[in-house]
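Report on the structure
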Amino acid sequence: MGRPESETGGRKVVDVIPTLQTLKAQDVAGRTAVVVDILRATSTIVTALAAGAREIRPAVSPREARARYLRLEAALGGRDGLLLGGERFGLRIEGFDLGNSPLEYTPERVAGKTIVFSTTNGTRTLRRAAGRRSEPSGAAARVLVASFLNATAVAERLADLGGDVVVACAGTRGGFSLEDILMAGLLVDYLQRRARDGEDLIFRDLARAAAALYRAMAGESGENLARAIVSADHARYLSSLGFGADVARCATCDLTDIVPEYRAGRVTVPGRVTVSGRVTVSGRVTAPGPGRRGSGS
Ligand code: MLT
């Protein structure tokens, strides 16, 4: 969906939306939506699931997060398997167990847990990207969660899926975020290279611009990526709060091959079964190691 078929000639479309505020229902309807909030929400979600968290339940506000947590607590008869995480102004929300630092989401802390999670832009982008079946234009076909930490796995999944793709960037406080557009550019660059093997895709203007920016700033094999991210506005804000190590972590590529998916209110790793904190079936959990692209270290 998105644009009328007459305009695209039935060809598949790859698009990028720069901010949460510019993301509309018709942008995602019927498409694969990829949500990106590099600093730091989607990097933290990917980290938590790679560390063995059972699922993430995104909430749009701290109030909604607390209410969902209490409902889950009542349903489960206790809070053992539950955590409440998230930030406002970059800082942990008062009374929450965890903030929005990927470094907090260790296997020791999160394995086997359901995490109710609320961040300023990232979790709202996830919710909006899913769309609503009740809307005339319909919902996204699927919603994937991307960060540099699982970049190649997401790019490969998109290429294998085929079909229309929209990369939904969260941005920061209503504005464009360099790190999100670079991530979008990495994905588009990958799809452009794969499309040369035959598939006839239409790359929209911002998709082409994002790929060109990624190639210009990150370099041929991503060697300058971390430097570009560290220089971004939100990275400098986070560093001023003492979260410089988070920025470096979020700028590191390919620490895991999981591709989280948001469906029916939960972000999970499809096909993976978590029992008592141990990941038991598929959805390999990998320990941090050298990235396949640029490294933030
Ligand atoms: C957000 O969702 O706006 C961000 O993840 C903010 C942050 O860096 O904590």
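What this report covers is the structure whose coordinates are included nearby. From a predicted model like this one, the values you see are computed outputs, not experimental measurements.

**Notes on the pairing of strand E6 (residues 114–118)**
Within E6, five of the five residues are buried, which leaves the element mostly enclosed by the surrounding structure. The side-chain alternation of E6 yields two buried faces, one formed by Thr114, Val116 and Ser118 and the other by Ile115 and Phe117. In this structure, strand E3 (residues 55–58) lies alongside E6, joined through four bridges in parallel fashion. Among the inter-strand pairings, Glu55 is bridged to a residue of E6, identified as Thr114.

**Some details on the site of the ligand**
Taken together, 13 residues are adjacent to the ligand, and Ala41, Thr119, Thr120, Asn121 and Gly122 come closest. Residue classes in the shell around the ligand are distributed as four nonpolar, six polar and three charged.

**Topic: the packing of helix H7 (residues 151–161) against helix H8 (residues 178–195)**
Look at H7 against H8: their axes get within 9 Å of each other, and the N-to-C directions meet at 45°. In terms of axis orientation, H7 runs oblique to H8. Handedness of the crossing formed by H7 with H8: right-handed. Side by side, H7 and H8 meet where Ala151, Val154, Ala155, Leu158 and Ala159 of the first sit next to Leu186, Leu187, Tyr190, Leu191 and Arg194 of the second. Within the contact of H7 with H8, the residues separate by chemical class into nine nonpolar, no polar and one charged.

So, how was this worked out
Residues numbered from 1 in each chain as written. Predicted model: local features only at pLDDT ≥ 70, side-chain atom pairs only at ≥ 80, totals over all residues. Buried ≥ 20, exposed ≤ 12 C-beta atoms within 10 Å, placed from the backbone. Helix = DSSP H or I, 4+ residues; strand = E, 2+ residues; numbered from the N terminus. Pairing = 2+ DSSP bridges. Near = placed C-beta within 6 Å. Nonpolar A, V, L, I, M, F, W, Y, C, P; charged D, E, K, R; others polar. Axes fitted to C-alpha atoms, helices over the stretch in contact; angles between N-to-C directions. Parallel < 35°, antiparallel > 145°, perpendicular 65-115°, else oblique. Left-handed = near helix turned anticlockwise from the far one by under 90°. Contact = placed C-beta atoms within 7 Å.

Such coordinate-based values are descriptive only and should not be taken to indicate function.
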